[in-house]
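What follows is the residue order along each chain.
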Amino acid sequence: MSSAQLTMLTVPVEVMTLHSLQLATVAVVVLSFAAKLFSRSRKVGKPLPTPGGSPWAGPVWAVEAANIYKTFKTWSEKFGSLYEVKLFGQNLIIISDPQIAKEILAQKAKIVSDRPTLALIKGSKDSGKYLPILGHNDQHNNYHGRMLPEATRFVHQLLEKHDDPFMLVDQLCGRLSSRMAFGTPAPRAAISRSAHNFMQNLSPGGQTTNVLTFLRHLPTFLNSDKHNEAMRVDIEDRVWYGCYDKAKAAYENGTLKPSYAKYYFDQREKTGLTEHEALHSIGMMATVSILTLIAPLQRWLVVMAEHPEWQVAVQKELDEALQGRMADYFDSPKLPVLRATILESMRYASPVPTGIPHRLEADMEYNGYHLRKNSNVVACDWSMCRSNKYYKDAETFNPSRYLDPASPQYKEPLTEFPKIQGHTVFGWGRRVCAGMEYSATQLLVVCAAVSYSFNIDIATDPKTNQRYHLSLDDATPHAIPVLSQETGLKLLFSPQSESRAEELRDTYRLQREQDKEKEEEECY
Ligand code: HEM
């Protein structure tokens, strides 16, 4: 996902204290790193409704910068499900209705599948470095087969009283994506760091040049963002070339595990990709599958901690369907209640609340309105997911909306539905997420392992004697609201029973004995 994953990095103090105008600026570019704005356009219909504002900057004073998706939702209540807004010279078309998103982004995909140009990331659109590939093939079964051992490792770590579950989720997702890309968890730390750095540098909350895009024309010695980006690219190249070279050596001596790297070496002739393109594509797949999965996993843990009744429901389902073993990916048909909690947590606390902008390459007419060429089209997931038009009591976490036959969201067969694949959070049309199946499997196996092992609770703050609270309605200035310990929320994981804890220790011990892979993470 090219411009999708924006990092959890702690919001720098300077950002927190920015003047509201700057904060607004910061948020704007979550949506776009676009381009030419006053391009000539042929009018084909009446203008879209707009909140107006000053000619270049737009209505910046009205923007809730860190949570711009909330502003978009508020405007949608006033201006309708399709409106446009000019912010810092960029024209944004905001969609707040899934039907309109489908009609524009999917049905007109031919002219609205481009991406905005990133101000700081050189060659983001045309260098081939950030070209994501994802073969949907038998390899998936191999990756899926690694998920249960990784989930077991994860719950074992939680069991051993680790006090930073959010960081453990980060590590888990890094290990799984390293395996998927390069067949080993060894480069987890390096890939993860590189992913976070990449996301920071394309994130509006990360760099001023992403907001005030004209700063990119300054020479590097006058623009520290450019210097920082040059260093990032250098490190990224070293990480990806390092991983690639090791994978190639493993392939040549026959030890490379199923992975995108192995798939590439097996099919090298047919892919037509140069080594340079291939290694960047593989590296980019590793990058995009880390942060996108950290966010929904962390959010599921929080909502489940807040809703113990749903923990009980999932545990009951697991016990009845699997009779005392952990779930694997092929158990999905037996676990509709678990799937309902995962889907509902993604709806209730969208992990990509603003969506990822597309760029409109030609003027178009929609329902009598003129949609201007070169606008950035934003399907605001937050507005869609929290819409009372589509979801009864949209502000409430309620997985039964997918399980109750009387609910509009109910769908059969329950062996397949509810499912996250096709959810609005994965985007639209030709640019729709390529990792939906992978995400569904990873979330299912990990959430099942946690439910099987623990009761999750929220700790009590000794200072106030109240339970800690975190509103998932608020994000950071980053587009993917990843949580860290700094949020101050403390989750507790107590084993469902002492015998289950012992069983978990035994399973993990056995797994380590059988697994010949080196447990240590190597430094790349
Ligand atoms: C729950 C987890 C995930 C979410 C919420 C998510 C969300 C998204 C979104 C919103 C887009 C942009 C869609 C658009 O432009 O309309 C996207 C694109 C993409 N995603 Fe994901 N993603 C997730 C996981 C993954 C994973 C695990 C992978 C890789 C295995 C992946 C690979 C991609 C790729 C390659 C694209 C780019 C598609 C393109 O631009 O043509 N995603 N994703």
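Within each chain, residues carry numbers counting from 1 in the order of the written sequence. Whole-chain, interface and lining totals are the exception, using all residues; otherwise, since this is a predicted model, local features are given only for residues with pLDDT of at least 70 and side-chain atom pairs are given and counted only at 80 or more. Values shown for side chains rest on all heavy atoms present in the structure; no hydrogens or waters enter the calculation.

- Naming follows an unreviewed UniProt entry, where the protein appears as Cytochrome P450 of Knufia fluminis.
- Under the UniProt heading Cofactor (unreviewed entry), the note attached to the protein is "heme". UniProt positions are given in the numbering used here, feature names are shortened, and annotations may be inferred rather than shown by experiment.

**With respect to the overall build of the protein**
So, step 1. The numbering of helices and of strands both runs from the N terminus, where a helix is a DSSP run of H or I of at least 4 residues and a strand a run of E of at least 2. Each helix and strand in the protein was counted, giving 16 helices and 11 strands.
So, step 2. Burial status across the protein gives 56% buried among its 524 residues.
So, step 3. Any two residues whose heavy atoms approach within 4.5 Å at even a single point are treated as in contact. In the protein, the share of contacts with a sequence separation of at least 24, taken over all contacts with a separation of at least 6, comes to 76%. In this scheme, a residue with accessible area under 20% of its type's maximum is buried, one over 50% is exposed, and one in between is partly exposed, where area comes from a 1.4 Å probe on protein chains only.

**Remarks on the coordination of the iron atom of the ligand**
So, step 1. Here a donor is any nitrogen, oxygen or sulfur atom (N, O, S) within 2.8 Å of the metal, with 3.2 Å used for Na, K and Ca; water is not among the atoms considered, so some sites may look incomplete. From the protein, the iron atom of the ligand takes a single donor atom, Cys 433 (SG), 2.3 Å away.
So, step 2. Mapped onto the fold, Cys 433 is located in the loop between helix H14 (381-385) and helix H15 (436-453).

**Some words on the packing of helix H8 (residues 224-252) against helix H11 (residues 275-306)**
So, step 1. At a minimum axis distance of 10 Å, the contact between H8 and H11 shows a crossing angle of 105°. Relative to H11, H8 is oriented roughly perpendicular. Of the residues in H11, those in contact with Asp 237, Trp 240, Tyr 241, Tyr 244 and Lys 248 of H8 are Glu 275, His 276, Leu 279, His 280, Gly 283, Met 284 and Thr 287.
So, step 2. Polar here means any residue outside two lists: the nonpolar Ala, Val, Leu, Ile, Met, Phe, Trp, Tyr, Cys and Pro, and the charged Asp, Glu, Lys and Arg; Gly therefore counts as polar. Across the contact of H8 with H11, the residue classes tally to 5 nonpolar, 4 polar and 3 charged. Between N-to-C directions, angles cover 0 to 180 degrees, with each direction set by a line fitted to C-alpha atoms, over the stretch in contact for helices. Throughout this description, any angle smaller than 35 degrees is read as roughly parallel, any larger than 145 degrees as roughly antiparallel, any in the 65 to 115 degree range as roughly perpendicular, and the remainder as oblique.

**Some points on the pairing of strand E2 (residues 82-87)**
So, step 1. By the criterion of burial, E2 is predominantly enclosed, with 6 of the 6 residues buried.
So, step 2. For two strands to be treated as a pair, DSSP must find at least two bridges joining them. The sheet contact formed by E2 and strand E3 (residues 90-95) spans 6 bridges and is antiparallel. Paired with Lys 86 across the strands is Asn 91, a residue of E3.
So, step 3. Counted between consecutive antiparallel strands, the loop separating E2 from E3 contains 2 residues, among which Phe 88 sits at a positive phi close to 45°.

**So, the side chain of Ser 177**
So, step 1. Here Ser 177 is to be found in helix H6 (residues 165-182).
So, step 2. Apart from the residues lying within four places of it in its own chain, the contact partners of Ser 177 are Ala 286, Ser 289, Ile 290 and Tyr 438.

**Looking at the site of the ligand**
So, step 1. Near is defined per residue: the residue qualifies when any heavy atom it owns lies within 4 Å of the molecule or strand. In the vicinity of the ligand, 26 residues are found, and the nearest of them are Arg 115, His 358, Trp 428, Arg 431 and Cys 433.
So, step 2. Here a polar contact means two N or O atoms within 3.5 Å. Within protein one must be a hydrogen donor candidate and the other an acceptor candidate, and residues neighboring in sequence count only if both atoms are side-chain atoms. In this structure, an oxygen atom belonging to the ligand sits 2.9 Å away from a main-chain N or O atom of Trp 428.
So, step 3. Taking Arg 431, its side chain carries an N or O atom lying 2.9 Å from an oxygen atom of the ligand.
So, step 4. Elements with a contribution of two residues or more to the shell around the ligand: H11 and H15.
So, step 5. In terms of residue count, the dominant contributor to the shell around the ligand is H11 (6 residues).

**Some points on the confidence of the model for the protein**
So, step 1. The pLDDT value tells you how sure the predictor is about a given residue, anywhere from 0 up to 100. With 84% of its residues at a pLDDT of 70 or more, the protein has an overall mean of 85.
So, step 2. When the criterion is pLDDT under 50, residues 1-41 qualifies, and its contacts beyond four places in sequence or with other chains add up to 120 contacts.
So, step 3. For residues 131-137, every residue scores under 50 in pLDDT, and the model assigns this stretch 15 contacts once sequence neighbours within four places are set aside.

**Comments concerning the UniProt feature "binding site: heme" (unreviewed entry) in the protein**
So, step 1. Residues annotated in UniProt with the feature "binding site: heme" (unreviewed entry) correspond here to Cys 433.
So, step 2. Here Cys 433 falls in the partly exposed class, since its relative accessible area comes to 26%.

**Points about the nonpolar core**
So, step 1. Grouping buried Ala, Val, Leu, Ile, Met, Phe, Trp, Tyr and Cys residues that are joined through side-chain atoms within 4.5 Å yields what is termed a nonpolar core. Core analysis: the biggest nonpolar cluster contains 104 residues, and Phe 154, Trp 300, Leu 338, Val 450 and Leu 491 have the highest contact counts within it.
So, step 2. Discounting residues that sit within four places of it in the chain, Phe 154 has contacts with Leu 168, Val 169, Leu 172, Val 446 and Val 450.

**Comments concerning the environment of Cys 380**
So, step 1. Residue position: Cys 380 is located in the loop between strand E7 (376-379) and H14.
So, step 2. Along the sequence, Cys 380 and Phe 72 sit 308 residues apart, while their C-alpha atoms lie 7.3 Å from each other.
So, step 3. Contact partners of Cys 380, with chain neighbours within four places excluded, come to Tyr 69, Phe 72, Ile 94, Ile 95, Pro 353 and Thr 354.

**A look at a nonpolar patch on the surface**
So, step 1. There is a patch of nonpolar side chains on the surface, built from Leu 218, Phe 221 and Leu 222 and spanning about 340 Å² of accessible area.
So, step 2. Position of Leu 222 relative to the elements: it lies in the loop between helix H7 (188-202) and H8.
So, step 3. Look at Leu 222 and you get exposed, because its relative accessible area is 54%. Within the patch definition used here, like charges are joined within 9 Å and nonpolar side chains (Val, Leu, Ile, Met, Phe, Trp, Tyr) within 5 Å, considering only residues with over 30% relative accessible area and no salt bridge. To be clear on the numbers: accessible area is Shrake-Rupley with a 1.4 Å probe, and residue cover counts the displayed protein chains and nothing else. Should a side-chain nitrogen of Lys or Arg be within 4 Å of a carboxyl oxygen of Asp or Glu, the pair is scored as a salt bridge.

**Some thoughts on H7**
So, step 1. A helix is expected to span 1.5 Å multiplied by its residue count minus one. Taking 1.5 Å per residue, 15 residues should reach 21 Å; H7 reaches 21 Å between its end C-alpha atoms and fits that length.
So, step 2. By the criterion of burial, H7 is predominantly enclosed, with 11 of the 15 residues buried.
So, step 3. Residues Arg 188, Ala 190, Ile 191, Ser 192, Ser 194, Ala 195, His 196, Phe 198, Met 199, Asn 201 and Leu 202 constitute the buried set of H7.
So, step 4. Each element contacted by the buried residues of H7 is listed here: H6, H8 and H11.

**Digging into unusual backbone geometry**
So, step 1. Residue Pro 413 is bonded to the preceding Glu 412 through a cis peptide linkage, with omega at 0°.
So, step 2. Within the secondary structure layout, Pro 413 lies in the loop between H14 and H15.
So, step 3. Pro 418 follows Phe 417 through a cis peptide bond whose omega is -5°.
So, step 4. Positionally, Pro 418 belongs in the loop between H14 and H15.
So, step 5. Its identity is not glycine, yet Gln 323 carries a phi of approximately 45°, on the positive side.
So, step 6. Its place among the elements puts Gln 323 in the loop between helix H12 (308-322) and helix H13 (336-348).

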